[in-house]
Amino acid sequence: FLIISCQSSKTIEEVIFDNNKMAKVSFRAENLKINNTYEMILEDPYIDYAIEKPPLFYLNEWIKNNITNFGSENFVEIDIIQASLSKIERKIENKKKYVNQNEFYYELNYKIELKILNDNSQTLSKVKSEVKLTTTSGNFISLNEEELIINNLILNSLTDLSFRTEELVKKHMDQHIF
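All of the points below concern the structure found in this document.

Conventions used here
Residues numbered from 1 in each chain as written. Predicted model: local features only at pLDDT ≥ 70, side-chain atom pairs only at ≥ 80, totals over all residues. Heavy atoms only, no water. Helix = DSSP H or I, 4+ residues; strand = E, 2+ residues; numbered from the N terminus. Buried < 20%, exposed > 50% of the residue type's maximum accessible area, 1.4 Å probe, protein only. Contact = heavy atoms within 4.5 Å. Areas by Shrake-Rupley, 256 points an atom, 1.4 Å probe, with all protein chains shown as cover. Core = buried A, V, L, I, M, F, W, Y, C linked by side-chain atoms within 4.5 Å. Pairing = 2+ DSSP bridges. Axes fitted to C-alpha atoms, helices over the stretch in contact; angles between N-to-C directions. Expected span 1.5 Å × (residues − 1). Phe/Tyr/Trp six-rings, centres within 6.5 Å; stacked < 30°, edge-to-face > 60°. Lys NZ or Arg CZ within 6 Å of the ring centre and 35° of its normal.

**Remarks on the overall build of the protein chain**
Stage number 1. Scanning the protein chain from terminus to terminus reveals two helices and six strands.
Stage number 2. What you see in the protein chain, going N to C, is helices and strands ordered as β-β-α-β-β-β-β-α.
Stage number 3. Counting only residues that meet the buried cut, the protein chain has 42% of its 178 residues in that class.
Stage number 4. Taking contacts inside the protein chain between residues at least 6 apart in sequence as the whole, the part at least 24 apart equals 76%.
Stage number 5. Total accessible area computed for the protein chain in this model is approximately 11,400 Å², and 47% of it derives from carbon and sulfur atoms.

Structural data, given as structure tokens:
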């Protein structure tokens with residue numbers, strides 16, 4: 001009696017999304033409005049529509065928990081322009097001869113625009129924050145490993161976006177923040 005199994009030799013730890021470890025921005029504004037203009041694309045190579053908690057879910061959570069407002073005039077408008085995740089199978093570009101010469105290439109794009117508007121809806125200041133991160137995996141991985149790879153990509157992208165946004169806001173909207 002012989003049992004043969006394939007098992008990964010390394011264990012990837014569970015990914016924990018903690019908004020407290022990401023950048024926070026506090027605006028001097030009476031109101032804050034979130035406009036989600038991004039629509040998931042329901043075809044290959046995009047896969048964000050097929051996962052339980054897509055990048056858009058985590059982006060909304062970060063905005064709700066980490067971008068705040070307090071004041072008696074002006075308002076902040078945040079446009080979610082992109083929160084896409086794609087997956088492409090491609091050939092490995094290297095001269096070594098492998099049994100399997102394919103890999104999966106994952107790409108996550110986040111793009112948001114923040115605007116400060118006065119009470120007459122005139123734009124006082126705006127910034128566009130954008131992050132694009134990629135990673136790869138072998139094409140013979142378990143569903144659990146794929147989920148962990150995707151969650152790591154989302155977490156790293158969102159963390160980068162949060163600190164990039166904080167940097168841009170401090171640089172271009174400093175008179176409107178605490």
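**Looking at the nonpolar core**
Stage number 1. Formed by 39 residues in total, the largest nonpolar core has its most connected members in F27, L59, W62, Y110, L114, L158 and V169.
Stage number 2. For this core, the element with the most residues is helix α2 (residues 143–172), which contributes 10 residues.
Stage number 3. The contact partners of W62, leaving out residues within four places of it in the chain, are N19, M22, A23, I67, I112, L158, S162 and T165.

**Here's the deal with the sheet that holds strand β4 (residues 75–91)**
Stage number 1. Pairing is mixed across the open sheet formed by four strands, whose spatial order is β2-β4-β5-β6. What marks the edges here is a single partner per strand, and that holds for β2 (31–36) and β6 (123–138). Averaged over all pairs of adjacent strands, the angle between their axes in this sheet comes to 15°, without regard to strand direction.
Stage number 2. With 16 bridges connecting them, β4 and strand β5 (residues 102–117) associate as antiparallel partners. Residue pairing across strands places I78 opposite L114, the latter belonging to β5.
Stage number 3. Strand contacts of helix α1 (residues 55–66): β2, β4 and β5, with the helix running at about 150° to β4, the strand carrying the most contacts.

**Here we look at α1**
Stage number 1. Taking 1.5 Å as the rise per residue, α1 with 12 residues should run 16 Å; its terminal C-alpha atoms sit 16 Å apart, in good agreement.
Stage number 2. Those residues of α1 that fall on the buried side of the exposure criterion are P55, L56, Y58, L59, N60, W62, I63 and N66.
Stage number 3. Buried residues along α1 sit in contact with β1 (25–27), β2, β3 (67–69), β4, β5 and α2.

**Structural notes on unusual backbone geometry**
Stage number 1. In this model, D44 is joined to P45 through a cis peptide bond whose omega is 10°.
Stage number 2. Note on placement: P45 falls in the loop between β2 and α1.
Stage number 3. Phi angles above zero are rare outside glycine, and N74 is one such case at about 70°.
Stage number 4. You can see N74 is positioned in the loop between β3 and β4.
Stage number 5. With relative accessibility at 10%, the residue N74 sits in the buried group.
Stage number 6. Phi at S121 is positive, roughly 65°, even though this residue is not glycine.
Stage number 7. In this fold, S121 is placed in the loop between β5 and β6.

**Details of the environment of A23**
Stage number 1. Looking at the element boundaries, A23 is found in the segment before β1.
Stage number 2. For A23, a relative accessible area of 3% translates into the label buried.
Stage number 3. Discounting chain neighbours no more than four positions away, the residues touching A23 are W62, N66, S162, F163 and E166.

**A look at the packing of aromatic side chains**
Stage number 1. Tallying each qualifying case throughout the model produces three aromatic pairs.
Stage number 2. Here the aromatic rings of F17 and Y58 are separated by 3.8 Å at their centres, their planes lie at 15°, and the arrangement is stacked. One end of the pair, F17, is in the segment before β1; the other, Y58, is in helix α1, with 41 residues separating them in the sequence.
Stage number 3. Looking at F17, the relative accessible area reads 23%, which means it is partly exposed.
Stage number 4. Through a chain of ring-to-ring contacts, three or more aromatic side chains come together here, namely F17, F57 and Y58.
Stage number 5. One cation-aromatic arrangement involves K87 over F104; the distance from NZ or CZ to the ring centre is 4.3 Å.

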